[in-house]
Each structure stands twice: as C-alpha cells, then as structure tokens.
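Results of the structural survey
Take a look at the letters that make up each chain.
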Amino acid sequence: MCDEFFPRMKTRQLVIDKNDLKKTFVEQRDLPPLVDNQILLEIDRLAVTANNATYVALGNTYQYWDFFPSGNPKFGVMPCWGFATVVDSKSQIQKGERIFGYFPTATHCIFDVDVLHQTNFIVRRPQLPRDRIVYHNYVRCKYDPSYKKENESLCALFWPLWATSYFVVDCLQENAFFGAKQVIVTSASSKTAFCAAFCLQHKIKCIGLTSKGNIPFVEKLGLYDQVIGYDQLDKLDKQDTVVVDVAGDAKLLKRLEDLLGDKFKKAALVGISHFGAAPIAKPGDKSFSFFAPEQKSKLSEIQADESKLVQELSAFMNLVTAYTACQDKRLSQAIKIKMQDIKQVEQTLMVYDLKIEESTAIVE
C-alpha cells in the first residue's frame, strides 16, 4: 500500500465507557481495505447536542451503541448527525460526493452501501432492527435541491431534532392530544423542545418549562405561549394537560402529576436532556416512550408526497431563522472545534455534566 493511501485507512474515534459515561478517550484504529459496494468517508462536520446525550444514556436500551461498534464490548462510540466526504469508493457513489447523515464521532468510517438511489442511499446494518431505517438513510447532497454548503452546520444541528419533534406532535394530534387543552414541554431551551413548540403553533396552547437562567432566552424565541421556571409550577393553569418530556426527569414529572391531578392526561417521554436526573424507570398508564424510528411509516408518507416535504422543509428553515435571530451568544453561536484535535470533543462532552440543555457544538 502506498504511503499516500495509508493514512486514509486509519481513523481516530472518541470512545465512551458504557458503565461510566464520564470516562472517554480517543483511540486510533486501522480500517480494512474496501470491498465491493463499500465507501470510505472522511467526517469533518458533526453536531453535538443534548440529543447525543440521549443516544448515550439509552445506548443499551435502544441499541445506539450498535450503530458503530468500537471493537470492545465495554466501550461505545457516540453517533452524531453531520456531513462527510467520500474519499474512496468501490460503489457507484463517486469520490468527492458530500453526504449528510448519521456518523460515528470519528475522523473516518466505512459504510456498506445496501440500496442506492440517485438522491440517497441505505447503509447495510444487519445487527439492527429494520425500524432503524431513519438512521440508515444517507443524503447525497449534490442531488438535494435544498442543500446549501453554508447551511451545513444548522442542518446538522436541527434536522434530526426537527424530525423527532414533528413526529411527536403528529402522534399527539393522532390521539387528539389525549383530550388535553394545553401542552407542557420540559427542557424548553433545548432544540428538540423548541422544535416541538414550533410544530405546536396554532394547534394548542404550548407552555415551556425551563431553568430560571434560561427564561429570557426561551422567551426571545417567541415559540411558547407561556414560559415558566421549574420553581414556578404554581403559575400553571390547572387544566387538562399533556406533557412532552424532553428533560427525562422523573421527579419533575411527579411534581407535575401531583400538581395537576386528574388533569394530567399523558406524558410523551422523548429525551433525557437533564443528564444525571433519574428518568422514569418504566412508563405507566399516564406515560409512554416515544421512539421516532417507530414512526417510519409516517416518514415514508412524507417522502412520497413531494409537496408536503417541501412545506415541512420550509417550516424547518423558518425555525432555523428564529433560532439564529436570537442574540443570546450562549446558544446562537456554535462552539467550533477542529476535527484534527478530536480530544477537544471529549472536553466539550463534559459540559453535559453541568447543564446539558445549553450545550451546542459544531465539530469541524
């Protein structure tokens, strides 16, 4: 193997101890030579948000660790949404193509291309259930009319969160909001939460719950009908309520249920942005775990209806505009990290232990 080619066949990846999520390290691994229908990608832009902490916290339950095996069952590689460039190919996908999708926190990776279309392709991952198709689908950017290179960071940050939020709201609508007159969204400053608030606009009253320090930021977004601090629950209207729980905090949900009594109709358990808080051990009669890939039939329906897809993409971009228009430097500006020094990603992850819902990072 020539010297010029050899460096591309190695990867550096961020590895997490599955039994102690605060323990992380960077390792270098050799990558095998490509075989037919494989591509080698160089990953250069990843979004690291509270959403990724959910992947890590639920790594065993929902098999997030199985997407990118580390080679050691004691350790896992955190998945992220982002962009990569094809640097070698033994498939019909060309070198130099820009790809958007679900990647390991690493510098390089190899994908087995299972199904190839002009606009996208599906990666083969037989170790995972079929309902994970959302994560196996990758966009070929040069064939995507909505792709703009200058929007890559915002797309990586928002697209997966918006998709999750869209389907949560769709689920609530299918069930007539379980008879509720208002929706409470926890961890209201997190991107998943305010994407949900955007999708709920003009449908039902939406209340955002957040920490005291985040109230000004959340109010600036203009997406919630009311913003309340976690220490101000007495301000809630005691009417029929459904909760979109992004925080994943069992104690907070118990406080809400005790306060609202029989007005507490249902809680959709969506995320765990309050990293370190104890989540509900098992959903009960008034709660259910929401898992976006299980809504894959809805995703297929949207993809089949081009006009609807364009409308929803337009709504998504409006949300991005609302986000970037906010002048709060903590959240409207991404922390930029050079991928060449992946160790800094490890340091960024430590922010999760302090205040995860405020964490936003672009890895470049």
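Bear in mind the structure is a predicted one, so any value in this text is a computation, not a measurement.

This part takes up the overall build of the protein chain. When its secondary structure is counted, the protein chain shows 11 helices and 17 strands. Contacts in the protein chain between residues at least 24 apart in sequence constitute 68% of all its contacts with a sequence separation of at least 6. Entry remark: accessible area of the protein chain is about 16600 Å², with carbon and sulfur atoms responsible for 49%.

A separate point is the confidence of the model for the protein chain. Detailed reading of the predicted model is not advised wherever pLDDT is low. Looking at the protein chain as a whole, its pLDDT mean stands at 80, while 73% of the residues score no less than 70. The spread of mean pLDDT over the elements of the protein chain runs between helix 11 (residues 352-355), the lowest at 32, and strand 10 (residues 182-185), the highest at 97. Across residues 1-7, confidence stays below pLDDT 50; counting only partners more than four residues off in sequence or on other chains, it has three contacts. Across residues 327-361, where pLDDT falls below 50, the model places 94 contacts with residues more than four positions away in sequence or in other chains.

Before going further, it helps to spend a moment on the pattern of salt bridges. Going through the model one piece at a time under the given rule, you end up with 11 salt bridges. Notably, a salt bridge pairs E97 with R140, separated by 2.7 Å at the nearest N-O pair. Highlighted residues: E97 in the loop between strand 5 (79-89) and strand 6 (98-104) and R140 in strand 9 (residues 137-140), separated in sequence by 43 residues. For E97, a relative accessible area of 4% puts it in the buried group. A salt bridge links E97 to K142; the nearest nitrogen and oxygen atoms lie 3.9 Å apart. In this pair, E97 sits in the loop between strand 5 and strand 6 while K142 sits in the loop between strand 9 and helix 3 (152-174), placing the two residues 45 residues apart along the sequence.

As defined by bridge partners, strand 11 (residues 205-210) adjoins strand 12 (residues 226-229) across four bridges and the pair is classed as parallel. Following the sheet pairing, I207 is matched in strand 12 by Q226. On the question of chirality, the crossover connecting strand 11 to the parallel strand 12 by way of helix 5 (residues 215-221) is right-handed.

A positive phi is found at Q63, a non-glycine position, where the angle reads about 60°. Its location among the elements puts Q63 in the loop between helix 1 (50-57) and strand 4 (75-77). Using a relative accessible area of 23% as the deciding quantity, one classes Q63 as partly exposed. Of note, the phi angle at F177 is positive, near 55°, even though the residue is not glycine. Examined against the element boundaries, F177 turns out to sit in the loop between helix 3 and strand 10.

A word on the nonpolar core. Core analysis: the biggest nonpolar cluster contains 73 residues, and F103, F111 and Y224 have the highest contact counts within it. Considering each element in turn, this core owes the most residues, 11 residues, to helix 3. By size, the runner-up hydrophobic cluster in this structure holds 16 residues, among which are L236, L252, A267 and L269.

It is worth spelling out the sheet that holds strand 2 (residues 20-30) at this point. Read across the sheet, three strands follow the order 2-1-4 without closing on themselves; strand pairing throughout is antiparallel. Looking at strand neighbours, the two that pair on one side only are strand 2 and strand 4, the edges of this open sheet. Neighbour-to-neighbour, the strand axes of this sheet turn through a mean angle of 40°, independent of strand direction. Examined bridge by bridge, strand 1 (residues 10-17) and strand 4 share three bridges and lie antiparallel to one another. From the neighbouring strand, D17 faces strand 4, where its bridge partner is F75.

What follows concerns helix 4 (residues 191-200). Counting buried positions over the 10 residues of helix 4 gives 10, a clear majority of the element. All buried positions along helix 4 are accounted for by K191, T192, A193, F194, C195, A196, A197, F198, C199 and L200. H202 sits one or two positions beyond helix 4 and adopts a positive phi of about 65°.

Let us look at helix 3. Compared with the 33 Å implied by 1.5 Å per residue over 23 residues, the 32 Å span of helix 3 between its first and last C-alpha is a close match. Where helix 3 bends most, the angle comes to about 35°, and this point is F158, followed within four residues by the proline P160. Counting buried residues in helix 3 gives 18 out of 23 residues, a clear majority hidden from the surface. Once helix 3 finishes, A176 follows within two positions and takes phi at roughly 50°, a positive value.

One can find D17 in strand 1. Of the side chains with opposite charge, K23 comes closest to the buried, unpaired D17, at an N-O distance of 4.9 Å. A distance of 2.9 Å separates the side chain of D17 from the backbone nitrogen of N19, its partner in a polar contact. What D17 contacts, discounting residues up to four positions off in sequence, is K23, K74 and F75.

Looking now at the sheet that holds strand 12. With parallel pairing, six strands are arranged side by side in an open sheet as 12-11-10-13-14-15. In this open sheet, the two strands that pair with only one neighbour each are strand 12 and strand 15 (287-289). Here the strands of the sheet are splayed against their neighbours by 20° on average, with no regard to which way each runs.

Under the defined criterion, the tally for this structure stands at 27 aromatic pairs. Their ring planes at 65° and their centres at 6.4 Å tell us that F194 and F217 sit as a pair that is edge-to-face. Placement of the pair is F194 in helix 4 and F217 in helix 5, with a sequence separation of 23 residues. For the pair F194 and F217, a shared accessibility class is recorded, and that class is buried. Seen from the ring of F111, R125 lies directly overhead, with NZ or CZ sitting 5.3 Å from the centre.

Criteria and cut-off values
Residues numbered from 1 in each chain as written. Predicted model: local features only at pLDDT ≥ 70, side-chain atom pairs only at ≥ 80, totals over all residues. Heavy atoms only, no water. Helix = DSSP H or I, 4+ residues; strand = E, 2+ residues; numbered from the N terminus. Contact = heavy atoms within 4.5 Å. Areas by Shrake-Rupley, 256 points an atom, 1.4 Å probe, with all protein chains shown as cover. pLDDT = per-residue confidence, 0-100. Salt bridge = Lys/Arg side-chain N within 4 Å of Asp/Glu carboxyl O. Buried < 20%, exposed > 50% of the residue type's maximum accessible area, 1.4 Å probe, protein only. Pairing = 2+ DSSP bridges. Right-handed = clockwise from strand over helix to strand, strands pointing away. Core = buried A, V, L, I, M, F, W, Y, C linked by side-chain atoms within 4.5 Å. Axes fitted to C-alpha atoms, helices over the stretch in contact; angles between N-to-C directions. Expected span 1.5 Å × (residues − 1). Bend = angle between axes of the 7 residues up to and from the residue. Lys, Arg positive; Asp, Glu negative; His and termini not counted. Polar contact = N/O pair within 3.5 Å; in protein donor to acceptor, adjacent residues only side chain to side chain. Phe/Tyr/Trp six-rings, centres within 6.5 Å; stacked < 30°, edge-to-face > 60°. Lys NZ or Arg CZ within 6 Å of the ring centre and 35° of its normal.

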